[in-house]
Amino acid sequence: MTEHVSDGRHVFRTSRLEEADGQGLNPTKNRTMGEIIAARFSRRGFLAGSLAATAIAATVSPIALLSARTAKASAPTASRFMFTEVEAGVDETHHVAEGYDADILLRWGDPIFADSPAFDPANQTPEAQARQFGYNSDYVGFIPLNGSSQHGLLVVNHEYTNEHLMFPGIVTIVDGEIKVAEPDAKRVDIEMAAHGGSIVEIRKVDGKWQVVKDSPYNRRITAATEMEITGPAAGHPRMQTKADPSGRKVLGTVNDCAGGVTPWGTYIMAEENFHGYFIGELPEGHREAANYKRVGVPDGTYGWGRFHERFDIGKEPNEPNRFGWVVEVDALDPNATPKKRTALGRFKHEGAESIVADNGKVVFYLGDDERFDYVYKFVTAGTFKPTDRAANMDLLDDGTLYVAKFEDDGTLNWLPLVFGQGPLTEANGFHSQADVLIETRRAADLLGATPMDRPEDVQPNGANGRVYVMLTNNTKRKEANAANPRVNNAFGHIIEIAEDGGDFSATKGRWEILLRCGDPSIAEVGATFSTETTKNGWFGMPDNCAIDAEGRLWVSTDGNSPKATGRTDGLWAVDTEGAARGTSKLFYRVPVGAELCGPLLTPDMTSMFVAVQHPGDGGEDWDKFGRPSYYEDLSTRWPDFRDDMPVRPSVVVITKQDGGKIA
């Protein structure tokens, strides 16, 4: 099921759980990022002249000038990325830059244990799926074994499932639209087993990566895996259920989007659109009514609550409070219980990337992926011990969660979400730090945080001391002005943050716009790519990103499509330094209907992993196919291209044919 949204010139498609991003659930009148950007650049006198002049002024900011000065000694007059650009377009398969191989490493249904059954799409079972690679991979991380970039653990989030692409015999077409049959218990249990994450040992042999199926590290984590709840909200009455009166144990994790790997080598899963898994109605007058409204519960996208009563809020009113957290997994111990770390707050998490500050504290950057919601960071109370892994294992249970307020003058304030400070008191319904964290969004509302345009991945860059915030889009923005001319921000933008003194744990900083995305040849779109960016190099809807070992920025996208931008999603290399700042080049593009997630480079930069989600979805958007795409009638059968195989979300590994560093 998809949503088609028009901005008057383009139409783009959103994935089904993003439909709930709809109007946005933030009820506050806090000034939006669009209003602040307008005031900022108006104040600085950037409004004179044409739209083109405005675009140049927005790109050449104080941080950009600092970048140019810093880079002047080495005088990089061209892009730092050395590859021949891929041509943007749309077709049934994937494409990578000349001189590179893009090999399928793991597909949905692939066996990941020595005793896993072979994938049989026409005869799926929950038991088989729990021993096979999951569906719709999103975050991809790599944990080296023995310090090697050629051997390690691949950790992968499986965000959600697309039934119409997964299961035979469940789709009918009514008035040109897909109608999916009501689920039965078996289908629901297969979906639950396809969620969660996979930990898979991989090794490079003769230049090609292979799965080690008999590895003791290999593991599937699903929506039924037992987990421990830790931190300030653990055991709180609002976390207690009939099945778990302790409020300290929960079954499973869902909708894990972008994530992270900690400095001590654990795997972070970040629960995003958890609202879609709940059905039912709360008892009248229940205390969680306002809390659930703020996060969109119940949504009812999935029918799990018909067969598992914990997903029916009429039967288990507190269960949604046990989702929307960051989950930490010790990938080196296959018997370790995953832990939901409540100190990092409860919202629709997109990513949890971290960096060690100069003072030894570990800083995690977090996005809340919904229109008009917020950017956060978490600073540990304790310090990282690089030679004592055991001492780091509970760092995420104690620290301070902050939310961002972007000021007109280009300054940034990180506001602490701490019980008893400011409005976070009993007078406003908070009785403990647990309440603040369970209702993180409402706490941030009261602090006056800045509503953003769908904050997704947020990446700290240790090489240049800055932080990059992916803002995918917001077609519900109503404010228009000359400096921010897009009434509906259909194409998104990227914010660059410089923390005070280069200290990632600082509570103040500065911000600039690195890029406003979209087609720069259409003046009213207001895109700000450099003039060196080709017709293939621009993109819309930034989503995930990565910083490589040389401090370079890679951006993947979600929402480019034949009707939205005339191209599929893909991976773009984006210059952030020197004369080439704002230049973007297309490195890899996905098949029709797919979204690109990941991405990740190994420490030695000789391998890159990317995840291709829901290939073949939305066939009606592509004129060559021209109709809805589903299991029996697919716009592509990537990656197998076999009549007996459906389309299969996959992880792809990219290597240079001469064995050298990527780009």
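So, how was this worked out
- Residues numbered from 1 in each chain as written.
- Predicted model: local features only at pLDDT ≥ 70, side-chain atom pairs only at ≥ 80, totals over all residues.
- Heavy atoms only, no water.
- Helix = DSSP H or I, 4+ residues; strand = E, 2+ residues; numbered from the N terminus.
- Buried < 20%, exposed > 50% of the residue type's maximum accessible area, 1.4 Å probe, protein only.
- Areas by Shrake-Rupley, 256 points an atom, 1.4 Å probe, with all protein chains shown as cover.
- Pairing = 2+ DSSP bridges.
- Axes fitted to C-alpha atoms, helices over the stretch in contact; angles between N-to-C directions.
- Core = buried A, V, L, I, M, F, W, Y, C linked by side-chain atoms within 4.5 Å.
- Polar contact = N/O pair within 3.5 Å; in protein donor to acceptor, adjacent residues only side chain to side chain.
- Contact = heavy atoms within 4.5 Å.
- pLDDT = per-residue confidence, 0-100.
- Salt bridge = Lys/Arg side-chain N within 4 Å of Asp/Glu carboxyl O.
- Phe/Tyr/Trp six-rings, centres within 6.5 Å; stacked < 30°, edge-to-face > 60°.
- Lys NZ or Arg CZ within 6 Å of the ring centre and 35° of its normal.

Take the overall build of the chain next. From N to C terminus, the chain includes 10 helices and 35 strands. The proportion of buried residues among the 663 residues of the chain is 64%. When the accessible area of the chain is evaluated, it comes to approximately 22,000 Å², of which 50% is carbon and sulfur surface.

Summarising the sheet, strand β7 (residues 171-174) and strand β8 (residues 177-180) pair through 4 bridges and their orientation is antiparallel. The residue bridging Ile173 from the neighbouring strand is Ile178, located in β8.

Here we come to the sheet that holds strand β35 (residues 650-656). In space, the 4 strands of this open sheet follow the order β4-β35-β34-β33, with antiparallel pairing throughout. Looking at which strands have only one partner, the edges of the open sheet turn out to be β4 (100-107) and β33 (595-601). Here the average twist between neighbouring strands, direction ignored, is 25°. Examined bridge by bridge, β4 and β35 share 7 bridges and lie antiparallel to one another. Residue Tyr100 lies in a different strand from β35, and its bridge partner there is Lys656.

This part is about the nonpolar core. Counting residues in each nonpolar core, the largest one holds 66 residues, and the members touching the most others are Trp304, Phe364, Leu366, Tyr376, Val403 and Leu417. At 4 residues, the largest contribution of residues to this core is made by helix α9 (residues 433-438). Leu515, Phe529, Ala573 and Phe587 belong to the second-largest nonpolar core, a separate cluster that totals 47 residues.

What follows deals with the side chain of Thr342. Its location among the elements puts Thr342 in the loop between β17 (339-341) and β18 (349-356). On the accessibility criterion, Thr342 (0% relative accessible area) is buried. A polar side-chain atom of Thr342 sits 3.1 Å from the main-chain amide nitrogen of Ala233. Among all residues touching Thr342, those that are not within four sequence positions of it are Ile229, Thr230, Gly231, Pro232, Ala233, Ala234, Met239, Trp325 and Leu437.

Moving on, we get to the confidence of the model for the chain. With 88% of its residues at a pLDDT of at least 70, the chain reaches an overall mean of 90. Element-level pLDDT for the chain is lowest in strand β2 (residues 11-14), with a mean of 32, against a maximum mean of 99 in β17. In this model residues 1-20 is a low-confidence stretch, pLDDT under 50, and it forms 68 contacts with partners more than four residues away in sequence or in other chains.

In terms of burial, helix α6 (residues 185-194) is largely enclosed, as 7 of its 10 residues are buried. Inspection of α6 places Arg187, Val188, Ile190, Glu191, Met192, Ala193 and Ala194 among the buried residues, and these make up the whole buried set. Turning to α6, the residues buried within the fold contact α4 (126-129), β6 (151-158), α5 (163-166), β8, β9 (196-205) and β11 (219-221). Immediately downstream of α6, the backbone of Gly196 shows phi near 95°, a positive value.

This paragraph deals with unusual backbone geometry. Across the junction of Val297 and Pro298, the peptide omega takes the value -5°, indicating a cis bond. Going from Trp638 to Pro639, the amide bond is cis rather than trans, its omega being 5°. Of note, Pro639 is situated in the loop between β34 (607-613) and β35. Phi is positive for Met605, which is not a glycine, with a value near 65°. When you line up the elements, Met605 lands in the loop between β33 and β34. Owing to a relative accessible area of 2%, Met605 belongs among the buried residues under this scheme. Even without glycine at this site, His614 takes up a positive phi of about 30°. Tracing the backbone through its elements, the reader meets His614 in the loop between β34 and β35.

Before going further, it helps to examine the environment of Pro117. In this structure, Pro117 sits in the loop between β4 and α4. In this structure Pro117 comes out as partly exposed when scored by relative accessible area, which is 33%. Linking Pro117 and Glu127, residues 10 residues apart in sequence, is a C-alpha distance of 9.3 Å. Setting aside its immediate chain neighbours within four residues, Pro117 contacts Pro111, Ala128, Arg131 and Gln132.

Time to look at the pairing of β33. Put simply, side chains in a regular strand alternate between the two faces of the sheet. The element β33 is extensively covered by neighbouring structure, given that 7 of its 7 residues are classed as buried. As judged from the 5 bridges shared by β33 and β34, these two strands associate in the antiparallel manner. Across the sheet, the residue bridging to Cys597 is Ala611, located in β34. Remark: 5 residues form the turn of the hairpin made by β33 and β34, two consecutive strands paired antiparallel; Met605 in that turn has positive phi of roughly 65°.

Below, the discussion takes up the sheet that holds strand β12 (residues 226-230). Pairing in this open sheet of 6 strands is mixed, and the strands run β13-β12-β17-β16-β15-β14 from one edge to the other. Of all strands in the sheet, those with a lone pairing partner are β13 (249-251) and β14 (260-261), marking the two edges. Pairing analysis gives 4 bridges linking strand β15 (residues 267-270) to strand β16 (residues 326-329), with the strands arranged antiparallel. Residue pairing across strands places Ile268 opposite Glu328, the latter belonging to β16.

This paragraph deals with the pattern of salt bridges. A complete count under the given rule lists 44 salt bridges for this structure. Put simply, Arg322 and Asp244 hold a salt bridge, and the shortest N to O gap is 2.8 Å. Of this pair, Arg322 sits in the loop between α7 (289-295) and β16 while Asp244 sits in the loop between β12 and β13, and the two are 78 residues apart along the sequence. On the accessibility criterion, Arg322 (3% relative accessible area) is buried. Ionic pairing is found between Arg310 and Glu319, a salt bridge with its closest N-O pair at 3.5 Å.

Bringing the environment of Pro144 into the picture now. Residue placement: Pro144 occurs in strand β5 (residues 137-144). When the C-alpha atoms of Pro144 and Glu201 are compared, they prove to be 9.7 Å apart, with 57 residues separating the residues in sequence.

Here the focus is the packing of aromatic side chains. Scanning the entire structure with this criterion turns up 24 aromatic pairs. Between Trp209 and Phe609 the ring centres are 5.6 Å apart and the planes differ by 65°, which places this aromatic pair in the edge-to-face class. Here Trp209 is found in strand β10 (residues 208-211), whereas its partner Phe609 is found in strand β34, with 400 residues between them in sequence. On the accessibility criterion, Phe609 (0% relative accessible area) is buried. Residues Tyr302 and Trp304 carry aromatic rings whose centres are separated by 5.3 Å and whose planes lie at 55° to one another, so their mutual orientation is tilted. A relative accessible area of 1% places Tyr302 in the buried class. Put simply, the rings of Tyr277, Phe278, Tyr302, Trp304, Phe311 and Phe323 pair up and form one aromatic cluster. Arg442 extends its terminal NZ or CZ atom over the ring of Phe430, reaching a point 4.2 Å from the ring centre. Its guanidinium or amino end placed over the ring of Phe83, Lys585 lies 4.6 Å from that ring's centre, counting from NZ or CZ.

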